[in-house]
Amino acid sequence: MLATTKKKIRLAALIRSGALCRACSRNKCVDMPTPESPVVIACPICGEKGCDACDDSGYYELTECPQKMITDVVSFIRFADLFNEGCPPVSGGALDQANWFLDAAGQLKADDALVLAEAKK
Ligand SMILES: [Zn+2]
Ligand SMILES: [Zn+2]
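These lines cover the structure that appears in this document, whether it is placed above or below. Being a predicted model, the structure only gives us computed values, none of them experimental. (Residues numbered from 1 in each chain as written. Chains lettered and ligands numbered in written order. Predicted model: local features only at pLDDT ≥ 70, side-chain atom pairs only at ≥ 80, totals over all residues.)

Time to look at helix α3 (residues 74-84). All of the buried residues in α3 are F76, A80 and F83. For α3, the angular spread of the buried residues around the axis is 60°, confining them to a single face. More than 90 degrees from the buried face of α3, the exposed residues found are V74, S75 and R78. Those residues of α3 that are buried lie in contact with α4 (99-120). (Buried ≥ 20, exposed ≤ 12 C-beta atoms within 10 Å, placed from the backbone. Helix = DSSP H or I, 4+ residues; strand = E, 2+ residues; numbered from the N terminus. Arc of directions from axis to C-beta. Contact = placed C-beta atoms within 7 Å.)

The subject of this paragraph is the packing of helix α1 (residues 3-17) against α4. In contact at an axis separation of 9 Å, α1 and α4 are set at 45° when each is read in the N-to-C sense. In terms of their interaxial angle, α1 and α4 are classed as oblique. You can see that α1 and α4 cross each other, and the crossing is right-handed. Facing T5, K6, I9, R10, A13, L14 and S17 of α1, the residues of α4 in contact are A104, Q107, L108, D111, D112, V115, L116 and A119. When grouped by side-chain class, the residues that make up the contact of α1 with α4 number eight nonpolar, three polar and four charged. (Axes fitted to C-alpha atoms, helices over the stretch in contact; angles between N-to-C directions. Parallel < 35°, antiparallel > 145°, perpendicular 65-115°, else oblique. Left-handed = near helix turned anticlockwise from the far one by under 90°. Nonpolar A, V, L, I, M, F, W, Y, C, P; charged D, E, K, R; others polar.)

Bringing the environment of T34 into the picture now. On the secondary structure map, T34 appears in the loop between α1 and β1 (39-42). Sequence separation between T34 and C65 is 31 residues, and the spatial gap between their C-alpha atoms is 8.6 Å.

As a further point, take unusual backbone geometry. Residue C21 is not a glycine yet carries a positive backbone phi of 55°. Relative to the helices and strands, C21 is located in the loop between α1 and β1. Phi is positive for E48, which is not a glycine, with a value near 70°. With respect to the element layout, E48 can be found in the loop between β1 and β2 (59-62).

Let us look at the environment of R16. Here R16 lies in helix α1. When the 15 C-beta atoms within 10 Å are taken as the criterion, R16 is described as partly exposed. Separated by 96 residues in the primary sequence, R16 and D112 have C-alpha atoms spaced 8.7 Å apart.

Let us look at the packing of α3 against α4. Where α3 contacts α4, the two axes come as close as 9 Å, and the packing angle between them is 80°. Classified by the interaxial angle, the pair formed by α3 and α4 is roughly perpendicular. Contacts between α3 and α4 pair F76, I77, A80, F83 and N84 from the former with A104, A105, L108 and K109 from the latter. Of the residues in the contact of α3 with α4, the class split is seven nonpolar, one polar and one charged.

Written as structure tokens, this is what we have:
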């Protein structure tokens, strides 16, 4: 799976938990990150250890509304939720689903759990 896709899935988990864009509506970002005051997100690829995707920092910065960044994965998120609830987008079992989809759906589930655990701290 692409690093950018992994980042977007993490963002989606953060947004729906209310950790990001809590007060934003569909067309307006209330707390818009800017290059001057970016929102810092733990890197979902390396688990904060440092990798190519985050320039070895373990974190990456958002400089625009996270909601805008995930618009192209919104429909996937819907499918992944259905899949995680036992209703796959392609009929058949797990073996009929594309590999990247299984990876991505798995990550979404893991990220949701992680974000929830973070919020409880
Ligand atoms: Zn926003
Ligand atoms: Zn990283």
